[in-house]
Amino acid sequence: MSATAQKIALVTGAGSGVGRACALGLLAAGWTVTLAGRRRAALEETVGLAPEEARARTLVVPTDVADPAAVNALFAAIRQRFGRLDLLFNNAGGNVPGTPFEDLAVEDWNRVVAVNLTGSFLCAQAAYRLMKEQNPRGGRIINNGSISAHAPRPDSAPYTATKHAITGLTKSIALDGRKYDIACGQIDIGNAATPMTERMQRGVKQANGEVMVEPTMDVRHVADAVVHMASLPLDANILFLTVMATKMPFVGRG
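Looking at an unreviewed UniProt entry, one finds the chain named SDR family oxidoreductase and attributed to Caldovatus aquaticus. Within the UniProt record for the chain, the comment given under Sequence similarities (unreviewed entry) is "Belongs to the short-chain dehydrogenases/reductases (SDR) family."

Caption draft 1: Broad picture of unusual backbone geometry. For the bond from Asn 135 to Pro 136, the omega torsion is 0°, close enough to zero to count as cis. When you line up the elements, Pro 136 lands in the loop between helix H5 (106-133) and strand S5 (139-144). Despite not being glycine, Asp 155 shows a phi value in the positive range, around 60°. As for its placement among the helices and strands, Asp 155 is situated in the loop between S5 and helix H6 (157-176). On the basis of relative accessibility, which here comes to 28%, the residue Asp 155 falls in the partly exposed class. A positive phi angle, near 60°, is found at Asn 191, a position not held by glycine. Here Asn 191 lies in the loop between strand S6 (182-190) and strand S7 (192-193).

Caption draft 2: Inspection of H6 at higher detail. Spanning 20 residues, H6 covers 28 Å between terminal C-alpha atoms, matching the ideal 28 Å at 1.5 Å per step. Of the positions making up H6, those classed as buried are Pro 158, Tyr 159, Thr 160, Thr 162, Lys 163, Ile 166, Thr 167, Leu 169, Thr 170, Ile 173 and Ala 174. Residues of H6 that are buried sit in contact with H5, S5, S6 and strand S11 (240-244).

Caption draft 3: Representation of the packing of aromatic side chains. For the structure on display, the rule yields one aromatic pair. Look at Tyr 128 and Tyr 180: their rings are 5.9 Å apart centre to centre, the planes differ by 85°, and that puts the pair in the edge-to-face class. Of this pair, Tyr 128 sits in helix H5 while Tyr 180 sits in the loop between H6 and S6, and the two are 52 residues apart along the sequence. What makes Tyr 128 buried here is its relative accessible area of 17%.

Reading the values: rules and limits
Residues numbered from 1 in each chain as written. Predicted model: local features only at pLDDT ≥ 70, side-chain atom pairs only at ≥ 80, totals over all residues. Heavy atoms only, no water. UniProt positions renumbered as here; feature names shortened; annotations may be inferred. Helix = DSSP H or I, 4+ residues; strand = E, 2+ residues; numbered from the N terminus. Buried < 20%, exposed > 50% of the residue type's maximum accessible area, 1.4 Å probe, protein only. Expected span 1.5 Å × (residues − 1). Contact = heavy atoms within 4.5 Å. Phe/Tyr/Trp six-rings, centres within 6.5 Å; stacked < 30°, edge-to-face > 60°.

In structure tokens:
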């Protein structure tokens, strides 16, 4: 990708897991990448995993996406450094330990909603405003849904509810963004091998109450999918894409 065709991306939650893999994938594809997340050390570790020549195409901005002031500061840094944004991968998310619905604390509910849903809204809105104003106009927003955007695991009400809500957010942005050449799509990921899914190797609770070890897939396949979605011209959009471990318990009765 030449300097004149330089494309600017923002990946939230870039300090680990899916976000780290996708930031590295975008860098490998020639993108310039802003890495956002709560821990500077983790973001800088991600940058350190990139080839040396790619590191000059990075900007690290520690950010709590649930904090409107922090999100404003993040996008101010992007405007100042690059003047535009071509891609937002709205990836940052969190969860709480599985809890029976009747025992779920409202504080835990609010914490998951703040990061997974409000954080995605804040980043998408800031990206939308920038993409609407920049020249050339437009850009792409990719939201990280989840298999949980389709079907819950037991004891997962906050996470499942927010991921279902992400689907509504994706559709709304895809509709509202048309007039400004802003495309929006969603990637729904199932059992990518990351620190977050290590517990699957020890067994996770199933719908029938049993605990079962679940298959996982290499997280690089998620990165490849995000890079593909990002590579499309703005007159084409992958609205929803599911990438999952082939043998994970999703399709069928659960």
